[in-house]
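Below are the chains, spelled out letter by letter.
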Amino acid sequence: MKKRIAVLISGSGSNLQAVIDAIDAGMINAEIVLVISNKADAYGITRAQKAGIPTLLLQHTHSPSRTDFDLAMLDHLEQQRVDLVVLAGFMRILSAEFVRHFCGRMLNIHPSLLPKYKGLHTHQRAIEAGDAEHGCSVHFVTAQLDDGPVALQAIVPVTATDTEQLLQQKVHKREHIAYPKVIAWFCADHLRCSDNKLYLNDELLPANGFKLAFDAQN
Ligand code: GRF
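Now for a description of the structure that goes with this document. (Residues numbered from 1 in each chain as written. Predicted model: local features only at pLDDT ≥ 70, side-chain atom pairs only at ≥ 80, totals over all residues. Heavy atoms only, no water.)

## Quick word on the site of the ligand
So the rule is basically this: Put simply, a residue is near a molecule or strand once any heavy atom of it comes within 4 Å of that molecule or strand. Two N or O atoms count as a polar contact when they lie within 3.5 Å, although within protein this holds only if one can serve as hydrogen donor and the other as acceptor, and sequence-adjacent residues are included solely when both atoms are side-chain atoms. We get accessible surface area from the Shrake-Rupley algorithm with a probe of 1.4 Å; when it comes to residues, only the shown protein chains can shield them. For helices the rule is a DSSP run of H or I covering at least 4 residues; for strands it is a run of E covering at least 2, with both sets numbered from the N terminus onward. Charged means Asp, Glu, Lys or Arg here, nonpolar means Ala, Val, Leu, Ile, Met, Phe, Trp, Tyr, Cys or Pro, and polar covers whatever is left, Gly included.
With respect to spatial proximity, the complete set of residues near the ligand consists of Ser12, Gly13, Ser14, Asn15, Gly89, Ile109, Pro111, His172 and Glu175. The separation between an oxygen atom of the ligand and a polar side-chain atom of Ser12 is 3.4 Å. Residue Ile109 places a main-chain N or O atom 2.8 Å away from a nitrogen atom belonging to the ligand. Bound to the protein, the ligand loses 84% of the 370 Å² it would expose on its own. At the level of secondary structure, the elements contributing two or more residues to the shell around the ligand comprise α1 (14-24) and α6 (164-187). In terms of residue class, the shell around the ligand is built from two nonpolar, six polar and one charged.

## Looking at the sheet that holds strand β9 (residues 197-200)
Stated formally: A pair of strands counts as paired when DSSP detects no fewer than two bridges linking them.
Ordered in space as β8-β9-β10, the three strands form an open sheet in which the pairing is antiparallel. Edge positions in the open sheet fall to β8 (191-194) and β10 (203-204), since each of these has one partner strand only. Both β9 and β10 contribute to a ladder of two bridges, which runs antiparallel. Of the residues in β10, the one forming a bridge with Leu200 is Glu203.

## As for the layout of surface pockets
In plain terms, the rule: Think of a 1 Å grid over the protein atoms and nothing else: a 1.4 Å probe that fits but is trapped marks a cavity, an open set flanked by protein within 12 Å on at least five of seven lines marks a pocket, and residues with an atom within 4 Å of a point count as lining. Grid points are joined across faces, edges and corners, and a volume is the space filled by probe spheres set on the points.
Taken as a whole, the largest pocket encloses approximately 960 Å³ of empty space. In terms of lining, the largest pocket is formed by 36 residues, of which the most central are Gly89, Phe90, Met91, Ile109 and Pro111. Secondary structure elements with two or more residues in the lining of the largest pocket: α1, β5 (106-110), α5 (122-128) and α6. By residue number, the principal contributor to the lining of the largest pocket is α6, which donates four residues.

## Comments concerning the sheet that holds strand β4 (residues 84-87)
Put simply, the rule is: Under this scheme, a helix contributes an axis fitted over its contacting stretch, all axes are lines through C-alpha atoms, and angles between N-to-C directions fall in the 0 to 180 degree range.
If you walk across this open sheet you meet the eight strands as β3-β2-β1-β4-β5-β6-β7-β11, and the pairing is mixed. With partners counted over all chains shown, the strands left at the sheet margins are β3 (55-57) and β11 (210-212), one partner each. Looking at each pair of strands side by side, their axes are set apart by 20° on average, direction ignored. As paired elements, strand β2 (residues 30-37) and β3 share three bridges and run parallel to each other. Residue pairing in the sheet places Ser37 in a bridge with Leu57 of β3.

## Let's talk about α1
We apply this condition: Using a 1.4 Å probe on the protein chains alone, a residue whose accessible area is under 20% of its type maximum counts as buried, one over 50% counts as exposed, and one in between counts as partly exposed. Residues count as neighbours in contact if any of their non-hydrogen atoms are within 4.5 Å of one another.
Taken across its 11 residues, α1 has eight buried, putting it largely inside the fold. Among the residues of α1, Ser14, Asn15, Leu16, Ala18, Val19, Ile20, Ala22 and Ile23 are the ones counted as buried. Residues of α1 that are buried sit in contact with β1 (3-9), β2, α2 (43-50), β5 and α6. Phi turns positive, to about 80°, at Gly26, one or two residues after α1.

## Structural notes on the nonpolar core
Quick note on the threshold: In this text, buried Ala, Val, Leu, Ile, Met, Phe, Trp, Tyr and Cys residues form a nonpolar core when linked through side-chain atoms within 4.5 Å.
Counting residues in each nonpolar core, the largest one holds 44 residues, and the members touching the most others are Val7, Ile28, Ile32, Ile183 and Leu191. Here this core gets 10 residues from one element, more than from any other, and that element is α6. Setting aside chain neighbours within four positions, we find Val7 in contact with Leu16, Ile32, Leu34, Val35, Ile36, Val86 and Ala88. Leu74, Phe90, Phe98 and Phe102 belong to the second largest nonpolar core, which has 20 residues in total.

Structure below.
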């Protein structure tokens with residue numbers, strides 16, 4: 001049966017677009033039933049509307065507390081009987097209650113090879129550290145920021161001419177392959193999270209997840 005997905009965004013929504021395209025191409029057996037943005041000017045809202053997906057603007061500045069905001073989101077997600085919550089550039093820390101509620105059913109994409117560079121400015125930090133490789137990680141969300149079991153990492157080589165912006169663009173391209181792939185696994189019931197460990201087709205994944213090499217196309 002088709003899974004019901006909600007995507008949470010705050011900005012451009014290029015990862016949302018990649019998921020929309022992958023569903024349209026028949027790569028993901030799912031329907032996006034709701035896109036929630038906490039920012040009125042998020043271009044992702046337009047992307048969703050163009051695709052005919054219901055959108056909801058929930059501005060945290062209008063909520064008295066983080067808990068109230070998260071409860072309002074939870075309410076909408078429950079009304080939509082969502083199977084999977086996809087964080088796609090959602091720039092907001094979620095309360096422990098919200099995270100617990102969607103334990104094993106909420107994914108995030110982070111632009112670094114976790115556990116390296118949690119938080120912001122990941123590309124600059126990779127360049128400054130002289131790393132030979134950088135990339136992105138798709139992981140299940142736990143109460144700690146950018147933590148939680150990693151399903152997949154897409155690797156990007158760092159070259160001597162890479163600036164923060166160039167590296168960001170290279171990683172972003174990989175994100176658009178990596179995220180739909182993991183969402184497809186989840187929606188096909190191939191990916192399972194149990195006791196903070198991940199199983200792909202019943203095989204335990206390594207701690208840093210499935211490795212997507214630079215030249216892999218799918
Ligand atoms: C991506 O770089 C993602 O890794 C991070 O937020 C950014 C979202 O970009 N979590 P977009 O809005 O999907 O274009």
